[in-house]
4 protein chains.
Amino acid sequence: MDKNSFAPRPPMGWNSYDYYDTNVTEADVLANAEYMAMNLKPYGWEYVVVDIQWYAYDTASMREKFQYIPFGRKEMDAYGRLLPCPEKFPSARGGAGFRELAARIHELGLKFGIHIMRGIPRAAAEAHLPVLGTDTTADMVADPASICGWNPDMYGVRDTPAGQAYYDSLLALYTSWGVDFIKCDDICVTNLYPTRLYSGRHEIEMLHRAIARCGRPIVLSLSPGPALLEQSAHYRKYANMWRVTDDFWDTWPALRSMFDTCERWQDHVSAGCYPDCDMLPLGLLGKGFGQERPTNFTPAEQQTMLTLWCIFSSPLMLGAELTKLDTRTLTMLQNPELLRLENGRFRARQVRRDEESRVWAAVDPQTGEWYLALFNLSERTMPISASLAECAGMLAEYRLADARFGAEVWSGRLLAWDGDAILAEVEPHGVRLLHMEPQ
Amino acid sequence: MDKNSFAPRPPMGWNSYDYYDTNVTEADVLANAEYMAMNLKPYGWEYVVVDIQWYAYDTASMREKFQYIPFGRKEMDAYGRLLPCPEKFPSARGGAGFRELAARIHELGLKFGIHIMRGIPRAAAEAHLPVLGTDTTADMVADPASICGWNPDMYGVRDTPAGQAYYDSLLALYTSWGVDFIKCDDICVTNLYPTRLYSGRHEIEMLHRAIARCGRPIVLSLSPGPALLEQSAHYRKYANMWRVTDDFWDTWPALRSMFDTCERWQDHVSAGCYPDCDMLPLGLLGKGFGQERPTNFTPAEQQTMLTLWCIFSSPLMLGAELTKLDTRTLTMLQNPELLRLENGRFRARQVRRDEESRVWAAVDPQTGEWYLALFNLSERTMPISASLAECAGMLAEYRLADARFGAEVWSGRLLAWDGDAILAEVEPHGVRLLHMEPQ
Amino acid sequence: MDKNSFAPRPPMGWNSYDYYDTNVTEADVLANAEYMAMNLKPYGWEYVVVDIQWYAYDTASMREKFQYIPFGRKEMDAYGRLLPCPEKFPSARGGAGFRELAARIHELGLKFGIHIMRGIPRAAAEAHLPVLGTDTTADMVADPASICGWNPDMYGVRDTPAGQAYYDSLLALYTSWGVDFIKCDDICVTNLYPTRLYSGRHEIEMLHRAIARCGRPIVLSLSPGPALLEQSAHYRKYANMWRVTDDFWDTWPALRSMFDTCERWQDHVSAGCYPDCDMLPLGLLGKGFGQERPTNFTPAEQQTMLTLWCIFSSPLMLGAELTKLDTRTLTMLQNPELLRLENGRFRARQVRRDEESRVWAAVDPQTGEWYLALFNLSERTMPISASLAECAGMLAEYRLADARFGAEVWSGRLLAWDGDAILAEVEPHGVRLLHMEPQ
Amino acid sequence: MDKNSFAPRPPMGWNSYDYYDTNVTEADVLANAEYMAMNLKPYGWEYVVVDIQWYAYDTASMREKFQYIPFGRKEMDAYGRLLPCPEKFPSARGGAGFRELAARIHELGLKFGIHIMRGIPRAAAEAHLPVLGTDTTADMVADPASICGWNPDMYGVRDTPAGQAYYDSLLALYTSWGVDFIKCDDICVTNLYPTRLYSGRHEIEMLHRAIARCGRPIVLSLSPGPALLEQSAHYRKYANMWRVTDDFWDTWPALRSMFDTCERWQDHVSAGCYPDCDMLPLGLLGKGFGQERPTNFTPAEQQTMLTLWCIFSSPLMLGAELTKLDTRTLTMLQNPELLRLENGRFRARQVRRDEESRVWAAVDPQTGEWYLALFNLSERTMPISASLAECAGMLAEYRLADARFGAEVWSGRLLAWDGDAILAEVEPHGVRLLHMEPQ
């Protein structure tokens, strides 16, 4: 199995974290899945991902002190594998795991994903639990010096056959549940260790091997960022997507700096291999963190974010509560001209950068169509132009014919080229995205 | 003018440094050029590059103390532009510059290149020389806090219109001489300043602009390395090639570590944009450093080096004294099956790495042919295998048909695939390179 | 209570680590204590310190894999306080702790010390054990992100009243046992965290406070090194000694580099405040690590080591198995002229340094006597001289009269000054130490 | 000659920089010297120091672009030694140097100091000027890779006999002028080179040697800061004072952070060896920078600054224009109870620190008198207390008797101890300084 075939296009879906934090329930997940099936699936959205600490009890009970209660109660089987907390996921009672929830999501025509932390539970190591299929125990598999800086649940796993066996046992379980997508955290960069930022390297390889052995095409997503540019070949070889930024939230400085991040990573996108700009904080957010609130992004910023993510071929994971999505936001997420950029074939390049604006272009070498995005990073409406000469290298490399006009994706208006150049007024923090089809 | 069109293929040629250090003369350059025209040009070799301090007098006179004599005598015009030292380049007498030398190289059907140091001569700044075409003087253009850590000749140029004017004046001069290639040093990474390694950023842009204005398609090569991976987009936008390693010499550890370097840079090769593995220390070397000596590389290591440089699409610059080249080395440099990899279209990827071996593949998406290289990094002869499955992602991305057999480039022998796999015995530090044509 | 009064002189004694590693037993400790009482106590040696993992079972059972067995069996009370393992310390049965061992050592006229790891046992946190004298539990006191990089037993303690209560409960226990000296590890520098090397700062303060509250004058020693020079004022305020080097073993490079360390720390010695050069690896070593062996230091190097430690006023902790000490070594440790330097009043300064030698002087401002040490760091016998002029600043500062001759401490021979200067032949890696009394 | 005897007390005086920048003239210097002789000399103030670029012409002519005009005109003798610019210092005409100015300052009973930049003029190296007393030239002495990051005038000097000869020639010149004090800049820390911050180490030693050879007791002051704590022994051996902070100006954050700096350096003060907190920005400042302005410090902050500098035994260099000093400021500078702390014998220690306050004590071991300073770092008036118990260690070390009351230095009021403790209300950013004499 070629792991790249598991994700021929950048994965698109929904993730529970931005709205629910650690507290999402089975009912919440299903409600969002049903909404997705009804409203978004036709446009390519398909993954439903349950984020962090689905195995933990009492997750919201000490919010003022801890996001993750240290040494708190967790659901775990006799082999040190975490199971869904049945108080949050009733169908998981009796050790059934996510089997039923995954089945219902599959019935909706969607795919099911889970978040995991790198490693083996600290409680399993302390209790010397057996590792399935081996004669060793968790205390010999856990590396007591390998922890996560911000979540207290796990120890890293040693680079040994027994360590691989533990990851194999995890994937056997997830396969039995029907998991399609794993977001593994504390692994893309291990930032507790400033001088060993890639100390989870062997665990990435072990996860990859365990997926290959489990027989199921499970997409592997790595967090958190910023991923290490010099490890790009390693990420590409073993994973499908990897976070190129720290947690992304809805502030303009974070969005603005994503342009630099995408510039650095632009040469590292290929089929099955996607640098990941993180979730899209849209609609309503934050209830699980204590206060439901609308996104801070203006409509213009939302278009800018979606355009950058799409032209860069980033995975798209919605952070919103879908059932409360407003019509304007939903409409944005149903724009087929925009989402066409996520077909897995487009390759993008930054064409120009200056202090106030950025220009990006993306090409589908198979069809010959291409896109041009004019981003206004300044605080005032201003004209932004681009010329065929600037795109010439890229077009030449892909042997594309010049286009003479294009449709602006967000407005639907046709824009004509004036000789070699095109020029558009762009609002502050906004974007114009042109779609050019071969003549 | 699209600067990428100046170098549709990775530049191939000869550079005076490895043999002559600072002491190459006009006669030396011409002798090497004539040899190249006769023996190498038919295989794609075409650049003749005069390396560092062609403007300096007495260059070998204080060898035991200095490679570059501080505050030594230099040939310079009234505008602070360095000229060839007429003692080394007689045709440069009377301020004629490299005009005649370039003309003779052009007559041989070759191209002419020069090395320059980033910046403006310290002596020009101290003398307040005028900057051509401006009413300002060199002391206002030079940045007294921007120096090179290892060469004492220059100051960096300020990021001002007058600074641009100085670079413009340089390119006007070089254009009048007929220069085709500039290797600018102390600019790709400014390693005197550990916290400002890219302090020459604006000077790269100024050089690019000056070239665009001069009207001549001059290839821009940046030194020294290691180039900064996170600045890849900037190098690609403004230069044609940039050094990805520190100075490369003929030791196995240096060659071995080049595999890691190529791994990191593999996604950053495109038409007109070439990460540069540095000169090839072959044949006889080092005379200008005080002692002529043969390369330390074994024949197997020489094949490994050439194969890695070619499959990676690195520029190829010979470090040897050409007129003294032995037949075996010359034959290697005339291998058309090898040099086909330098057609500018091939794109390579590392397929597998372990402690003892590396496997790389390269594809020409236009013709469908591909290469597979099996490198033995260990100290013993050993079998190295590769499978189509391992290359599958790459072949799929380029939509290539599988090949069933291939010719080994260095031996000429056909190698057949056993089902999905191919296996070859490879000598220590050696390589097998297979060329597969579409069926 | 002024903590400086607990250690008016640099502590001198024996530590179990260098010979026994984690495996020392009650019988071993007593045998060494009896030897010390008989042979060394008259010369000022008085501390008997039980080093790491006295609470752990099976400590030598997985030597080939682990120095410290992860998640191994430990003796612990109901409040999460570690107790001596009764298999190694039979008198500790029934929760009696070190009470009887301490009593027997006190009967010998000696003082009793223990090693502890910073923090609270991981097992206590996992088990939610109560913290004595509070209504909180260990899981709320332990900081799950604060671990030791090389020992898997503990979590750091949070900077809260409950955290202080845990340390108070430890000191109450140790006071009931009769502990006189605590060597706390993983606290002087927390080197798992390169950007937060002093993350145990608050735990140093908590230990100090707990000692003050316990009512017993317990000496506080901090490990490991290298201590942070810029935190000198903090160490001096809260501790009695702190390790200025990484673990010191018997190699010449380690000994040689201690001269630089002492140079850096020379201004930071005062009554009750001692930068600590670590244990003295003399006699037989290493049995607990798997192989008993004699020290690698030559007799000359041993004199050099002892001289440097003494002139610097470092604490002196013997790493040897005392019961097997040879006569030559014992005689060195009984040299009263040497050990006089450890009276707590001497202040030392490096007088001169060059590549091959070092000269140090120390003064007792109360008595007016002073010492001069001539160290030969080279590989050949050579003359080393010193002049009164070089010591002038120091002597003037302490208003000492010049001395006209002195006794060499290791040989007992008188050395006369030739006018202003003294000169001695010193063997390679050796030393001459002159003792000058006021006229 | 013991260089510590050149400065038995921390030097006190005036420096031209804070008011005049590069533009001070002979008349300005004399006016300030005369004021000092009249008003401050009786209180211990004695040094008159001419700061940076006294050798440069046109110093204020390009203020909007440069503080130091690159490659600007300088007065220099035939041996590459800078001379005073006669346009600013008329008595220096004809190569007379500072001879007359120094003589007039000496007539006033004061001492004369100059600022120099580490190294040899760049212009001297470019011109190959001879080095006095040698057969070598400046181009062979200058290190072209050693520059200052912020001043363009000099190159560092190589560590060779010829380099020493250049420094010897400088000191011969300065001795002939009658210089008493040299503030050498770009040498205490060479911050252009983040990985070689002490690259001027050998030049400090060469300066020290040149001073020893010149036969005149010239005080050596090193700039800029922050000095390197781990090099403390080196500074103490070769210099009299060294800057422990970056340039200090009149802002509260800078003053506040000086408490941390003094804490780090408190153990490194001894006779002739003074960590230097930099000039005192009092009165009127900044005229040479383009705008005369009063200090930003409030009266309370001025007392806090003076108290900290004095209790720490920092050198005191006034940054004000003396001739315009207001009465209140002058009175502060004439406080004998305060300045007694600068007698060279007091040794200080930080007694307590918390977020809002600091307590320091200083002892004169010869007389038995001591001082206690209570600093309020907060924004509100608050009571600050101290106890004899807190000072016990320090008093015991110096064997002082307890004092029962003390005079507050700034107010003159007596403060009595309540048993063991003393308590005072202190205004925001203010201080209470108690002087306790032995009973």
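Everything discussed here concerns the structure shown above.
Residues numbered from 1 in each chain as written. Chains lettered and ligands numbered in written order. Predicted model: local features only at pLDDT ≥ 70, side-chain atom pairs only at ≥ 80, totals over all residues. Heavy atoms only, no water.

(A) A look at the overall build of chain A. Check the secondary structure of chain A and you find 13 helices and 21 strands. At 22 Å, chain A has a C-alpha radius of gyration in line with the 22 Å of a compact globule built from 439 residues. The principal-axis extent of the C-alpha atoms belonging to chain A is close to 75 × 40 × 40 Å. Scored against the burial criterion, the 439 residues of chain A give a buried share of 64%. The contacts of chain A with a sequence gap of at least 6 include a subset with a gap of at least 24, amounting to 73%. On chain A, roughly 14600 Å² of surface is accessible, and the fraction owed to carbon and sulfur atoms is 52%. (Helix = DSSP H or I, 4+ residues; strand = E, 2+ residues; numbered from the N terminus. Rg over C-alpha atoms; globule rule 2.2 N^0.38 Å. Buried < 20%, exposed > 50% of the residue type's maximum accessible area, 1.4 Å probe, protein only. Contact = heavy atoms within 4.5 Å. Areas by Shrake-Rupley, 256 points an atom, 1.4 Å probe, with all protein chains shown as cover.)

(B) Structural context of the relation of the copies chain C and chain A. For these two chains of identical sequence, chain C goes onto chain A by a turn of 180 degrees and a shift of 0.0 Å along the axis, with RMSD 0.0 Å. Considering both components of the superposition, the chain copies are consistent with a two-fold axis. Both copies present the same face, since 100% of the interface residues in chain C are matched by interface residues at the equivalent positions in chain A. (Least-squares fit on C-alpha atoms with pLDDT ≥ 70 in both.)

(C) The pairing of strand β7 (residues 181-185) of chain C, seen in detail. Residues and elements named next belong to chain C. Within β7, five of the five residues are buried, which leaves it mostly tucked inside the rest of the structure. Taking every second residue as pointing to the same face, both faces of β7 are buried, with Phe181, Lys183 and Asp185 on one and Ile182 and Cys184 on the other. Summarising the sheet, strand β3 (residues 111-117) and β7 pair through five bridges and their orientation is parallel. Pairing of methionine 117 across the sheet is with aspartate 185, part of β7. With helix α7 (residues 201-214) bridging β7 and its parallel neighbour strand β8 (residues 219-222), the resulting β-α-β unit is right-handed. (Pairing = 2+ DSSP bridges. Right-handed = clockwise from strand over helix to strand, strands pointing away.)

(D) Structural detail: the interface of chain C and chain A. Each partner contributes residues to the interface: chain C has 25 residues there, and chain A has 25 residues. Together chain C and chain A conceal approximately 2100 Å² of surface at their shared face, both sides included; 68% is due to carbon and sulfur atoms. Interface area lost by chain C to chain A is led by Phe71, Glu126 and Met140 of chain C, which between them contribute 33%. Remark: the boundary between chain C and chain A carries zero salt bridges. Run the count over chain C and chain A and you get seven residue pairs in polar contact (both at pLDDT 80 or more). Listing elements by their share of the side of chain C that touches chain A, those giving two or more residues are α4 (122-126) and α5 (138-141) of chain C. By residue number, the principal contributor to the side of chain C that touches chain A is α4 of chain C, which donates four residues. A per-class count over the side of chain C that touches chain A returns 16 nonpolar, three polar and six charged. (Buried area = accessible area lost by both parts, 1.4 Å probe. Salt bridge = Lys/Arg side-chain N within 4 Å of Asp/Glu carboxyl O. Polar contact = N/O pair within 3.5 Å; in protein donor to acceptor, adjacent residues only side chain to side chain. Nonpolar A, V, L, I, M, F, W, Y, C, P; charged D, E, K, R; others polar.)

(E) Representation of the packing of helix α2 (residues 26-39) of chain B against helix α3 (residues 99-107) of chain B within the structure. Residue and element names in this part refer to chain B. Close contact between α2 and α3 brings their axes to 10 Å; oriented N to C, the two are set at 10 degrees. In this view, α2 runs roughly parallel relative to α3, as classed from their interaxial angle. Contacts between α2 and α3 involve Glu26, Val29, Leu30, Ala33 and Glu34 from the former and Leu101, Arg104 and Ile105 from the latter. The residue makeup of the contact of α2 with α3, split by class, is five nonpolar, no polar and three charged. (Axes fitted to C-alpha atoms, helices over the stretch in contact; angles between N-to-C directions. Parallel < 35°, antiparallel > 145°, perpendicular 65-115°, else oblique.)

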